[in-house]
Amino acid sequence: MVDIFERIKKDAGGPIGQYQKLSHGYYSFPKLEGPIGPRMLFRGKMMLNWSLNNYLGLANHPEVMAADAEAAREFGMAAPMGARMISGQTKYHEELERRLAAFVHKPDAFLLNFGYQGMVSIIDCLATARDVIVYDSEAHACIIDGLLIHKAKGGKRFVYHHNDMAKCRTMLERASRLAEKQGGGVLLITEGVFGMKGDLGKLDEIVAMKKDFDFRILVDDAHGLGTMGRTGAGTPEHFGVEEGIDVHFGTFAKSFAGIGAFVASDPDIVNFLRYNMRSQLYAKSLPMPMVKGAMKRLELIQTHPEYREKLWTIVRALQKGFVEAGFDIGVTQSPVTPVYMKGGVEDATNIVVDLRENHNLFCSVVVYPVIPKGEIILRIIPTAVHTLEDVEYTLNAFKACRGKLEAGEYHKPIQNMADPM
């Protein structure tokens, strides 16, 4: 017999948590303070901030803040009380669902309290033990957790190498044979925009495979909603395959600068989800300020295309600048801008300290064990409220850090982030 608490203490916090004494408050759980925007306070210093998914700059847009405040004054944060099915239904929830469905070119939509939890529950709800799931190897953690539930129910799944359509076809063939044998169906899950690399799921090629296989497609378009497509309706609109996507999932945590999510599909499917998604059946309804606030955000996205145009002006300038300066930004096709470097954890930690302490620049870093040893990703998230001057400053800061990295100046023991260099 092993005491659970003793095992946890011996594990030293897991693969990331083991560094918590060095990194807590600096790398992990940092506190960015002040109004949300491209400049925020970190440890008392004003930082040029590239670490928020506030793509369209709506987080503290005056009309958004006014809508949030007015809804809070009128309804408070409690209303409506209870789950949607029991006592938490309102005409405002229904209206927002109608508007969201129309926005993403679907007949119906269902509001969800959270994005992560929502995706887990959608997968659990749609796929029975007889059904087979095919998914991309770089699927977000919420998809992976949904797949774990599917596996726990006895369901089978097949993974294909990231965006490898030949492998995807092979897995669809295998899944189809197994599903037919089991008397089930096939569900393919991919992302519209992959949040780490910034590349797009090949929705056009996946939809085209419907000519050869009988399967349904679920797309997690968290990063695509508001940023991709002619009207900002997302990655399916970008590819022109809205009708071929069977279930469209979007979250309010990115372009909408809020909290909550939605799933859109045919009315029969959405109604099935309404009555069977456990995470919604047994959870309190989305509070009214979130609902009314999401309506205002959607209205601004639809009536102000210049926000999206400004975002893409910054994106193109930043990504073009990195490429021309010889940096590797991979295969991004979206605002997500990863900058790849070579080095160990020591190099990565000291690069970030240098950027924050000497250049007043805040961005996220990804290292082992999330990615392979020897790799470093500095993840930049451009927004519509950044400026071209911000872009130029950032490029110069990265060039300075690259010079130090190549000279070996960062290769030293990890600093205690409670007292950085």
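Structure shown above.
Here is a short report on the structure shown in this document. Starting afresh in each chain, residues are numbered from 1 along the sequence in its written order. In keeping with the model being predicted, local features are shown solely for residues with a pLDDT of at least 70 and side-chain atom pairs are shown and tallied solely at 80 or more, while totals for entire chains, interfaces and linings include all residues. Hydrogens are left out, water is left out, and the side-chain values use all remaining heavy atoms of the structure.

## What to know about the overall build of the chain
Which entries qualify depends on this criterion: The secondary structure listing takes helices from DSSP runs of H or I that are at least 4 residues long and strands from runs of E that are at least 2 residues long, numbered from the N terminus. Here the globule rule is a power law, 2.2 Å times the number of residues to the power 0.38, and the radius of gyration is based on C-alpha atoms. Whether a residue is buried, partly exposed or exposed follows from its accessible area with a 1.4 Å probe, protein chains only, as a fraction of its type maximum: under 20%, in between, or over 50%, in that order. Per-residue and other accessible areas were derived by the Shrake-Rupley procedure at a 1.4 Å probe size, with only the shown protein chains allowed to occlude residues. Charge counting treats Lys and Arg as positive and Asp and Glu as negative, with His and both chain ends excluded. Every charge is mapped onto a representative atom, which is NZ of Lys, CZ of Arg, CG of Asp or CD of Glu.
For the chain, the count of helices and strands is 16 helices and 14 strands. In terms of overall dimensions, the chain is globule-like: its C-alpha atoms have a radius of gyration of 22 Å, near the 22 Å expected for 421 residues. Projected onto its principal axes, the C-alpha coordinates of the chain cover approximately 60 × 50 × 50 Å. Across the 421 residues in the chain, those meeting the buried criterion constitute 52%. Per element, the accessible surface of the chain, about 19200 Å² overall, is 55% carbon and sulfur. If you average the places of the 49 positive and of the 50 negative side-chain charges in the chain, the two averages end up 4 Å apart.

## Considering the sheet that holds strand S1 (residues 32-33)
Put simply, the test is: Being paired, for any two strands, means DSSP has found at least two bridges between them.
Taken in spatial order, the four strands of this open sheet run S1-S2-S3-S12, and their pairing is mixed. Two strands close off the open sheet at either side, each with one partner strand: S1 and strand S12 (361-362). The pairing of S1 with strand S2 (residues 39-42) spans two bridges and is antiparallel. Looking at S2, one finds that Leu32 is bridged to Phe42.

## Describing a nonpolar patch on the surface
Keep this limit in mind: Patch membership requires more than 30% relative accessible area and the absence of a salt bridge. Residues of like charge join within 9 Å; the nonpolar side chains Val, Leu, Ile, Met, Phe, Trp and Tyr join within 5 Å. Salt bridge, as used here, is a side-chain nitrogen of Lys or Arg placed within 4 Å of a carboxyl oxygen of Asp or Glu.
Side chains of Ile4, Phe5 and Ile8 sit close together on the surface and give an oily, nonpolar patch of about 330 Å² of accessible area. Topologically, Ile4 is positioned in helix H1 (residues 4-10).

## Examining the side chain of His150
Applicable threshold: Polar contacts, as used here, are pairs of N or O atoms within 3.5 Å; protein pairs need one atom able to donate a hydrogen and one able to accept it. Residues neighboring in sequence count only if both atoms are side-chain atoms.
Structurally, the position occupied by His150 is in helix H7 (residues 141-152). Of note is the side chain of His150, whose polar atom sits 3.1 Å from the backbone oxygen of Asp131.

## With respect to the sheet that holds strand S13 (residues 364-366)
Our working rule: Axis definition: a line fit to C-alpha positions, over the contact stretch in the case of helices; interaxial angles, taken between N-to-C directions, run 0 to 180 degrees. Residues count as neighbours in contact if any of their non-hydrogen atoms are within 4.5 Å of one another.
As summarised here, the arrangement of the three strands in space is S11-S14-S13, forming an open sheet in which the pairing is antiparallel. Edge positions in the sheet fall to strand S11 (337-342) and S13, since each has one partner strand and no second. Taken pair by pair, the neighbouring strands of this sheet meet at an average axis angle of 25°, ignoring direction. Of the pairings in the sheet, the one linking S13 to strand S14 (residues 375-380) comprises three bridges and is antiparallel in character. The residue of S14 that forms the bridge with Val365 is Leu378. The strands touched by helix H14 (residues 305-324) within the sheet are S11 and S14, with S11 carrying the most contacts at an inclination of about 20°.

## Thoughts on the environment of Gly201
Relative to the helices and strands, Gly201 is located in the loop between strand S7 (186-191) and helix H9 (203-208). Each C-alpha atom, one on Gly201 and one on Asp131, is 22 Å from the other, the two residues being 70 residues apart in sequence. In this structure, Gly201 is in contact with Asn163, Thr190, Glu191, Gly192, Phe194 and Phe239, ignoring residues within four places of it in sequence.

## Some details on the packing of helix H4 (residues 62-75) against helix H13 (residues 288-303)
What counts, and what does not: The cut-offs work like this: below 35 degrees is roughly parallel, past 145 is roughly antiparallel, 65 to 115 is roughly perpendicular, and the gaps in between are oblique. Take the far helix as your reference; a near helix turned counterclockwise from it by less than a right angle gives a left-handed crossing, and one turned clockwise gives a right-handed crossing. The classification used treats Ala, Val, Leu, Ile, Met, Phe, Trp, Tyr, Cys and Pro as nonpolar, Asp, Glu, Lys and Arg as charged, and all other residues, Gly among them, as polar.
At their nearest, the axes of H4 and H13 sit 8 Å apart, and the two run at 155° to each other. One way to sum up the angle between H4 and H13 is to call them roughly antiparallel. In this structure, the crossing between H4 and H13 has a hand that is right-handed. On the side of H4, the interface is formed by Glu63, Val64, Ala67, Asp68, Ala71, Ala72 and Phe75, while H13 contributes Met288, Pro289, Lys292, Gly293, Lys296, Arg297 and Leu300. When grouped by side-chain class, the residues that make up the contact of H4 with H13 number eight nonpolar, one polar and five charged.

## Regarding the nonpolar core
Using the following cut-off: Grouping buried Ala, Val, Leu, Ile, Met, Phe, Trp, Tyr and Cys residues that are joined through side-chain atoms within 4.5 Å yields what is termed a nonpolar core.
Membership of the largest hydrophobic core comes to 38 residues, with the highest contact counts inside it found for Leu58, Leu96, Leu100, Leu111, Phe252 and Phe262. Every element with two or more residues in this core is listed here: helix H5 (91-103), strand S4 (108-112), strand S10 (261-265), H13 and H14. With seven residues, the top contributor of residues to this core is H13. Ranked by size, the runner-up nonpolar core spans 33 residues in total, among them Leu48, Leu318, Ile329 and Val353.

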